[in-house]
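Notes for the structure review
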Amino acid sequence: MQLTKLEIKGFKSFGDKITINFNEGVTAIVGPNGCGKSNVVDAIRWVLGEQSTRMLRSEKMENIIFNGTKNRKAANLAEVSLTFDNNKNVLPTAFTTVTVTRKLFRNGDSEYRLNDVKCRLKDITDLFLDTGVGADSYSIIELRMIDEIINNKENSRRNLFEEASGISKYKVRKKQTLNKLRDTELDLSRVDDLMFEITKNLRSLEGQAKKAEKYTLLKDEYRQSSINLAYYRIADFSSELERLQGQESKLNKQSTDAQEHINKAENALKQIREDNLEQEKNVSIQQKATQEFINKIRNYESEKKLKTNSLRIFRIKKAD
Ligand code: ATP
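Right, let's walk through the structure included here. Treat the numbers as computed from the prediction; the structure is a model and nothing was measured. Here, residues in each chain are numbered from 1, in the same order as that chain's written sequence. Per-residue local features are limited, in this predicted model, to residues with pLDDT of at least 70; the limit for side-chain atom pairs, both in listing and counting, is 80 or more; totals at the level of whole chains, interfaces and linings are taken over all residues. For the side-chain quantities, the full set of heavy atoms in the structure was used; hydrogens and water were omitted.

1. Considering a nonpolar patch on the surface
What counts is decided by this rule: For patch detection, residues must exceed 30% relative accessible area and be free of salt bridges, and they are connected within 9 Å for like charges or within 5 Å for nonpolar side chains (Val, Leu, Ile, Met, Phe, Trp, Tyr). The accessible surface values rely on the Shrake-Rupley method and a 1.4 Å probe; as for residues, cover is taken only from the protein chains in view. For this document, the term salt bridge refers to a Lys or Arg side-chain nitrogen within 4 Å of an Asp or Glu carboxyl oxygen. Helix numbers and strand numbers start at the N terminus; a helix is a DSSP run of H or I with at least 4 residues, a strand a run of E with at least 2. Buried means the residue's accessible area, taken with a 1.4 Å probe over protein chains only, is under 20% of the maximum for its type, while exposed means over 50%, and partly exposed covers the values in between.
A cluster of nonpolar side chains, L188, V191, L194, M195, I198, L202 and L205, forms an exposed patch at the surface whose accessible area comes to about 630 Å². Note on placement: L205 falls in helix α5 (residues 167-319). Among the residues examined, L205 registers a relative accessible area of 47% and is labelled partly exposed.

2. Section: the packing of helix α3 (residues 143-150) against helix α4 (residues 156-164)
Put simply, the test is: Fitted lines through C-alpha atoms serve as axes, helices being fitted only where they are in contact, and the angles separating the N-to-C directions of these axes extend from 0 to 180 degrees. An angle counts as roughly parallel when it lies under 35 degrees, as roughly antiparallel when it exceeds 145, as roughly perpendicular when it falls between 65 and 115, and as oblique in every other case. Contact criterion: two residues are considered in contact whenever any of their non-hydrogen atoms come within 4.5 Å of each other. Think of it as three bins: nonpolar holds Ala, Val, Leu, Ile, Met, Phe, Trp, Tyr, Cys and Pro, charged holds Asp, Glu, Lys and Arg, and polar takes everything else, Gly as well.
Two elements in contact, α3 and α4, have axes separated by 7 Å at closest approach and are oriented at 105 degrees. Classed by the angle they form, the pair α3 and α4 counts as roughly perpendicular. Along the contact surface, α3 presents E148, I149 and I150, while α4 presents S156, R157 and L160. Class assignment for the residues of the contact of α3 with α4 results in 3 nonpolar, 1 polar and 2 charged.

3. Concerning the pattern of salt bridges
Two side chains with opposite charge may pair up if their charged atoms get near one another. For the coordinates displayed, the defined rule picks out 15 salt bridges. In this structure, E62 and R106 form a salt bridge, with 3.3 Å as the shortest nitrogen-oxygen distance. Pair noted here: E62 is in the loop between α1 (37-47) and β3 (77-85) and R106 is in the loop between β4 (97-105) and β5 (110-114), with a separation of 44 residues, a long-range link. A relative accessible area of 34% places E62 in the partly exposed class.

4. Some details on the sheet that holds strand β1 (residues 2-9)
For the record, the criterion: Note: two strands are recorded as paired if DSSP finds a minimum of 2 bridges between them.
Read across the sheet, 6 strands follow the order β2-β1-β3-β4-β5-β6 without closing on themselves; strand pairing throughout is antiparallel. With one partner strand each, in any of the chains shown, β2 (18-21) and β6 (117-119) form the two edges of the open sheet. Here the strands of the sheet are splayed against their neighbours by 20 degrees on average, with no regard to which way each runs. Across 9 bridges, the pairing between β3 and β4 is antiparallel. Within β4, the position partnered with L82 by the bridge is V100.

In structure tokens, the structure reads:
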């Protein structure tokens, strides 16, 4: 595995994009004090996932973004990419070239990329595990670290030997395994809690299941009883219907007979009315004839009276 290229943009003193190609042999970066040589090492450490601002010689993480100069605006994004040649498949991936990228925005957002695909920091640390490459490995040594190793600060010499002899990766794995073990123990106690809860719920569910079973039985019984009741009612209704139909036909017959009677009576009444009318006509004719007779009699009577009077007057005159 060979480090082939480092690209830096907006990181610390590098406002413009710079590319450093690591060709065959040794690559040395030289320059006056303060020109940014250590910043190159910081960039490599940072892109591999360094989280400690102290190790990056900065007060806070935001300070690693290019701050600008008198004539240049500050950058909003720090971006570093590190490319490896993976021809010998040291890195556990199918790619022959692997590029790791880290970005940090001034608003605090950050992202990691593997061959330009977004990923987690864990994906990058897992990829470089056991290869001696990493933010806290001794493959990246700055001037300050040499002093620390000489003075054996915080057991740094022992750490260097442990890493060189390959022990540190096992220590890391041991730490990871112990962490996993602790997590698993926590999970197990959580499982116990869950089991307790589930058992409690199970009891109440069993009660509910029994009730549901009883409910189903009762529902079936109720259904069967409803069907029987319906049959019984249908039979009852049928005999009642027959009885009512018999009654209806009897009443129909009675009604027809009565109608016939009514028709006959109406015909007789009609005949009586016609006879009455005829008789009334006759009566009126006779009344008219009677009236004429009466009139004639009255005429005769008044004539008789006149004549009687004339006769009386005649007799008086004759007697005189
Ligand atoms: P020496 O040879 O003395 O160790 P060096 O070449 O290693 O120096 P560095 O320490 O890498 O220099 O760089 C320091 C320079 O980087 C300083 O001039 C500092 O102002 C600049 N610098 C650091 N952080 C930023 C930043 N966020 N923005 C702009 N410049 C920065």
